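# Coordinate inspection notes
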Amino acid sequence: MKFPGSVLVSLFLFVGETGTALYLSSTYRSAGDRIWQALTLLFALLPCVLVQFNLVFIHRDVSRDRPLVLLLHILQLGPIVRCVEVFYIYFHAGRFEEPYVSITKKRQMPKDGHSEEVEKEVGQAEGKLFTHRSAFSRASVIQAFLGSAPQLTLQLYICVLQQEITAARGIFMVLSLLSIVYGALRCNILAIKIKYDDYDVSVKAAAYLCIFLWRSFEIATRVVVLVLFSSVLQIWVLPVLVWLGLNAFLFWWYYRVYDVPVKYHYSRKLLGSALAWARAPAACLNFNCLLILLPVCRNLLSFLRGSSACCSTRIRRQLDRNLTFHKMVAWMIALHTAIHTIAHLFNVERCVDGRVEAKGTIQAALSDLGDKTGETYLNFVRKKIPNPEGGLYVAFTYLAGLSGVIITLALILIITSSTKTIRRSYFEVFWYTHHLFVVFFIGLVIHGAGRIVRGQTDESLKEHNPHTCEKNFTQWGKISSCPIPQFAGNPPMVVNHPFKTFELQMMKKGFKMEVGQYIFVQCPTVSHLEWHPFTLTSAPEEDYFSIHIRIVGDWTEGVFNACGCDKQEFQEAWKLPKILVDGPFGTASEDVFSYETVMLVGAGIGVTPFASVLKSVWYKYCNDATSLRLKKIYFYWLCRDTHAFEWFADLLQSLENQMQERDNAQFLSYNIYLTGWDESQATHFTVHHDEEQRCD
Amino acid sequence: MGRIEWAMWANEQALASGLILVTGGVVAVAAQFKGWPFAAYAIAAGVFVCLLEYPRGKRKKGSTMERCGQKYLTAVVKVFGPITRNYYVRAILHAALAVPAGFLLSTILGTACLGIASAIYLLAAIRGEEWNPIEQKPQERPQVGGGTIKQPPAMPPPRPPADTRKKPPAEVAGQENPIPVTIEAE
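Here the residue numbering is sequential within each chain, running from 1 through the sequence in written order. All chains are assigned letters beginning at A, and all ligands numbers beginning at 1, according to the order in which they are written. Local features in a predicted model are, by the rule used here, given only for residues with pLDDT of at least 70; side-chain atom pairs are given and counted only at 80 or more, and totals for whole chains, interfaces and linings are based on all residues. Side-chain metrics in this entry use all non-hydrogen atoms of the structure; hydrogen atoms and water are not considered.

### Side note on the overall build of chain A
Under the convention used in this document: Here a helix means four or more residues in a row that DSSP labels H or I, a strand means two or more in a row labelled E, and each is numbered from the N terminus. Each residue's exposure class comes from its accessible area (1.4 Å probe, protein chains only) as a fraction of the maximum for that residue type: buried when under 20%, exposed when over 50%, partly exposed otherwise. Only heavy atoms matter for contacts: two residues are in contact if any of them lie within 4.5 Å across the pair.
Tallying secondary structure elements over chain A gives 25 helices and 13 strands in all. For chain A, buried positions account for 42% of its 696 residues. Taking the intrachain contacts of chain A between residues at least 6 apart in sequence as the baseline, contacts between residues at least 24 apart amount to 72%.

What follows is the structure, given as structure tokens:
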């Protein structure tokens, strides 16, 4: 059995580092450097706690009745007690007979291409020692990377700032460096052992020495460079770099949000990349306009300056640079405004051209969507006025255009009156013109309220794949594989269905549902006391959950009016009332996936859970048809007439179409029994029964 | 601070409008939007406005910071005399220049800004302001000691008191000036 030397090394480094850290922090405290003290303690105690957790976790002996060990762990003395255990096991190993041995099979390292397998007996003591060694090595790694690395950087930084290396700090830095090197070394060895796990690997001493030297030089140089760089760096450069980085990130991210997903494929066909070029600076503008007012809030700055508990004086002195930061953010706003405006010039031009000029192209087809009833529009320009008047008309009649022009004018006036000449000579002109920022912010807030940017809805994406369907744009709606695409502004909330039914689509973080469950809904604007149950009609696979509400009484009518469904135009999301949701609660329909053949019977309003079931079945079928246990669905629907459930009829029809396309028309067979017929309807159907009409 | 000279702000605003006109015009011409001839006009008008507004006028009170390199344009603008000196003319000129650019969406922002500049110039003109060129003054060497010291001291230290030191410069025994010293005209 190998002497557990690594355990001793780990323990020595751990104890040495923690002890020195505590001593150093007490010297910082007496010198009054609270921040240094706090940071030193943090980097010493955090890995300490993590090491205790690690040791306890690996040994898993908390539940074994050893309260003393647990207590010592809590007192942060875990490594010491474990080391004692290790040596106890080591020295008592040969004395007793092992109750059992385990047999390991390892291959020898290949010689001449040939490696043989060797069996070895591993006694219980050796196995325990192995566990201890690996626990300590893991503890060393945690200590090294989470504790010693930041600790070394910090102490070296302090040395550079104070221009001297005290003895305690010097010893501490050496210990930290050794600890990091040891941790890195253990990582290396672990990597080798994992890679050659089948083999019996023994790492020679020379290898250890090589790795040790390599790592020590590598880490030492890197830490020195890092510390020297950060000590030269003016502290104010950091927030500026962070701010620039955030700007760049937001620009890139939102560019991709509008340039990549298939949801905006048709928007991009209409507008080109100008859509993404307009939305990316819009996101940056949001961010910068958030920041611009902060550096000039005098009361806030006074408060921050006064609160000495907050930060060191060096950091608080950066508050003196508030005007510089304000100007930097202002120039960034001006830049992004320029990009945004120019991109939208292209957008408006293309939208109007698509509506008027383009004939027979896909842009024309896309722009024509929305002319017929039942279609949703993609091109927000509906009037056919040609450019250049068309562009002007759009800019001044739409809220986004008008507010955009006004706030850009306000911004330009603010900037021209802020030049140094004007500021130095005529301060009042600068000061009072700057108050146009109120106009700017009001305009900015309402600028996007129209939700002009449209993307294809998720439902439409399921039926109509833009990549395949874009080529045959002349036949949308006529062929079953490419129905007319539907669009909505972000996000769709209330969808009106015919015959006094409306659908409420909602999203809530963390909401999980199963098929056919129901929720209780309250709408405080209508009534504070009433909670009504509604079955969820969306499938769990969708990213929103929806309920279909039919207007039968005063509460549903109240919600209908509150959601503005009676109005013709699209409702802005911020106008919709607050809705409280309780649930979801379970019902019997969750078992539908456990059987091969199911029969679903729904009567009247009871059909709603099956909307969820059928949609979910559809999603699962699309995902992986073979893993679905369900092979056949018999669906029976009884209702007075289909008027109340037109939306469900549409769903059934689209499902049937999809099934036919996938050559599995036998999957779903549904029978509808209408109990509310009268003679005239019967005659009507008899006359027209040859036509393809299913549900009136 | 005193009275505000509106022409200073109008000048900044007009310069900015010129730049915006040029930008909008370039975008529309490059992308060949419908009605791009208006944009071509806007580019020309924008350049003209920039050149006209670049030289800052002289303030009545206090010193004026020149814009970098403005003296060449000052010479040109000065030539037109009363046309460029009077701010009523400038106000009407800017208003007239702005109008044709208003027919295109790309340049309408320039129109609005130039219109505002024109309005501020009108206000300046009503207050009786005028554009005066900033003249170049010849370089003045600052006089040291009020003109009493014209020559370096004739004798090296230690020097005898002043009244015994009054010797004509030509008879200096101890020092010869390696570089001839000329007496400056003021």
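### Re the sheet that holds strand β7 (residues 518-522) of chain A
Residues and elements named next belong to chain A. To keep things clear, this is the line we draw: A pair of strands is considered paired only if DSSP assigns at least 2 bridges between the two. Where helices are involved, their axes are fitted lines through C-alpha atoms of the stretch in contact, as for all axes, and angles between N-to-C directions lie from 0 to 180°.
If you trace the three strands from one edge of the open sheet to the other, you get β8-β7-β10, paired in antiparallel fashion. Single-partner strands in this sheet number two, and they are β8 (532-535) and β10 (580-585). With strand direction ignored, the average angle separating the axes of adjacent strands in the sheet is 30°. Sheet analysis places β7 next to β10, joined by four bridges and oriented antiparallel. Paired with Val521 across the strands is Val581, a residue of β10.

### Some points on the packing of aromatic side chains
All names here are of chain A. Note the following rule: Aromatic contacts are taken between Phe, Tyr and Trp rings whose centres are within 6.5 Å, Trp giving its six-membered ring; a plane angle under 30 degrees counts as stacked, one over 60 as edge-to-face, and the others as tilted. Either the NZ atom of lysine or the CZ atom of arginine qualifies as a charge over a ring when it sits within 6 Å of the ring centre and within 35 degrees of the ring normal.
Within the structure shown, the criterion is met by 28 aromatic pairs over all chains. Ring centres 5.2 Å apart and planes at 65° place the aromatic pair Phe427 and Phe430 in the edge-to-face group. With Phe427 and Phe430 both in helix α18 (residues 427-434) and three residues apart, this pair spans about one turn of that helix. By relative accessible area, which is 12% here, Phe430 ends up buried. Three or more aromatic residues joined by ring pairs make a cluster, and in this case those are Phe3, Phe87, Tyr90 and Phe91. Positioned above the aromatic ring of Phe57, the side-chain terminus of Arg60 is 4.9 Å from the ring centre. Geometry around Trp214 places Arg215 over its ring, the cationic atom sitting 4.6 Å from the centre.

### Focus on the pairing of strand β6 (residues 501-506) of chain A
Residues and elements named next belong to chain A. Buried residues dominate β6, accounting for six of its six residues. Because side chains alternate across β6, one face comprises the buried residues Thr501, Glu503 and Gln505, and the other comprises Phe502, Leu504 and Met506, equally buried. As paired strands, β6 and strand β9 (residues 545-550) are joined by six bridges and run antiparallel to one another. Each bridged residue has a counterpart across the sheet, and for Gln505 the counterpart in β9 is Ser546.

### Some points on the pattern of salt bridges
A side chain of one charge can pair with a side chain of the opposite charge when the charged atoms of the two come close. Residue and element names in this part refer to chain A. The cut-off we apply is this: Here, a salt bridge means any Lys or Arg side-chain nitrogen found within 4 Å of an Asp or Glu carboxyl oxygen.
What the rule picks out here adds up to 10 salt bridges over all chains. Among the salt bridges present, the one from Glu218 reaches Arg222, with a minimum N-O distance of 3.3 Å. One end of the pair, Glu218, and the other, Arg222, are both in helix α7 (residues 205-232), four residues apart, so they sit about a helical turn from each other. A residue is classified by how much of its surface remains accessible, and Arg222, at 57% relative accessible area, is exposed.

### A short note on α7 of chain A
Because each turn of an α-helix spans 3.6 residues, side chains separated by three or four positions in sequence point in the same direction. All names here are of chain A. Counted only if it meets this: Helix span is expected to be 1.5 Å times the residue number reduced by one.
With 28 residues, α7 should reach 40 Å at 1.5 Å per residue; the first-to-last C-alpha distance of 41 Å fits that figure. Ile211, Arg215, Ser216, Glu218, Ile219, Val223 and Val227 are the residues of α7 that are buried. Of the surrounding secondary structure, the elements contacted by the buried residues of α7 are α5 (124-162) and α6 (167-195).

### Notes on the side chain of Gln151 of chain A
Residue and element names in this part refer to chain A. Looking at where Gln151 falls in the secondary structure, it is placed in helix α5. Judged by its relative accessible area of 1%, Gln151 is buried. Sequence-distant contacts of Gln151, that is, excluding residues within four places in its chain, are made with Ala21, Thr40, Phe43, Ala44, Phe172 and Ser176.

### Points about the sheet that holds strand β13 (residues 668-674) of chain A
Residue and element names in this part refer to chain A. Pairing is parallel across the open sheet formed by three strands, whose spatial order is β11-β12-β13. Strand pairing shows two members of the sheet lacking a second neighbour, β11 (597-603) and β13, which therefore form its edges. In this sheet, adjacent strand axes meet at a mean angle of 10° when their direction is disregarded. Of the strands in this sheet, β12 (632-639) and β13 touch helix α24 (residues 646-661), which is tilted by about 155° from β12.

### Details of the UniProt feature "transmembrane region" (unreviewed entry) in chain B
Residue and element names in this part refer to chain B. Rule in force here: UniProt positions are given in the numbering used here, feature names are shortened, and annotations may be inferred rather than shown by experiment.
Under the UniProt annotation, "transmembrane region" (unreviewed entry) lies at residues 38-55 and 95-124. A distance of 27 Å separates the end C-alpha atoms of residues 38-55, which is 89% helix and 0% strand. With 90% helix and 0% strand, residues 95-124 has its two end C-alpha atoms placed 15 Å apart.

### Observations concerning helix α1 (residues 5-31) of chain A
Over its 27 residues, α1 of chain A extends 39 Å from the first C-alpha to the last, a length consistent with the 39 Å expected when each residue adds 1.5 Å. At the C-terminal side of α1 of chain A, Gly32 of chain A shows a positive phi close to 90°.

### Describing the interface of chain A and chain B
Stated formally: Take the accessible area each of two parts loses on contact, using a 1.4 Å probe, and add the two losses: that sum is the buried area.
If you look at the interface, chain A gives 30 residues, while chain B gives 29 residues. Summing both partners gives a buried area of about 2,600 Å² for chain A against chain B, and 78% of it is carried by carbon and sulfur. Between the two partners, chain A and chain B, sit one salt bridge. Across the pair Asp353 of chain A and Lys34 of chain B runs a salt bridge, and its minimum N-O distance is 3.3 Å. Elements with a contribution of two residues or more to the side of chain A that touches chain B: α13 (322-356), α15 (389-397), α16 (399-416), α17 (420-425) and α18 of chain A.

### Some remarks on unusual backbone geometry
In terms of backbone geometry, most residues other than glycine have negative phi values and most peptide bonds are trans. With an omega of 0°, the peptide bond between Gly583 of chain A and Pro584 of chain A qualifies as cis. Here Pro584 of chain A lies in strand β10. Note that the residue after Pro157 of chain B, namely Pro158 of chain B, is joined by a cis bond; omega there is -5°. Mapping Pro158 of chain B onto the fold places it in the loop between α6 (105-126) and α7 (162-165). Its identity as a non-glycine residue notwithstanding, Gln163 of chain A has a phi of 60°, on the positive side.

### Digging into the side chain of His340 of chain A
All names here are of chain A. Keep this limit in mind: Think of a polar contact as two N or O atoms within 3.5 Å of one another; within protein, one of them needs to be a possible hydrogen donor and the other a possible acceptor, and neighboring residues in sequence only count if both atoms come from side chains.
Counting through the fold element by element, His340 comes out in helix α13. Overall, His340 belongs to the buried group, its relative accessible area being 10%. Of note is the side chain of His340, whose polar atom sits 2.8 Å from the backbone oxygen of Ala278. Residues contacting His340, with those up to four places away along its chain left out, are Ala278, Pro281, Ala282, Leu285 and His447.

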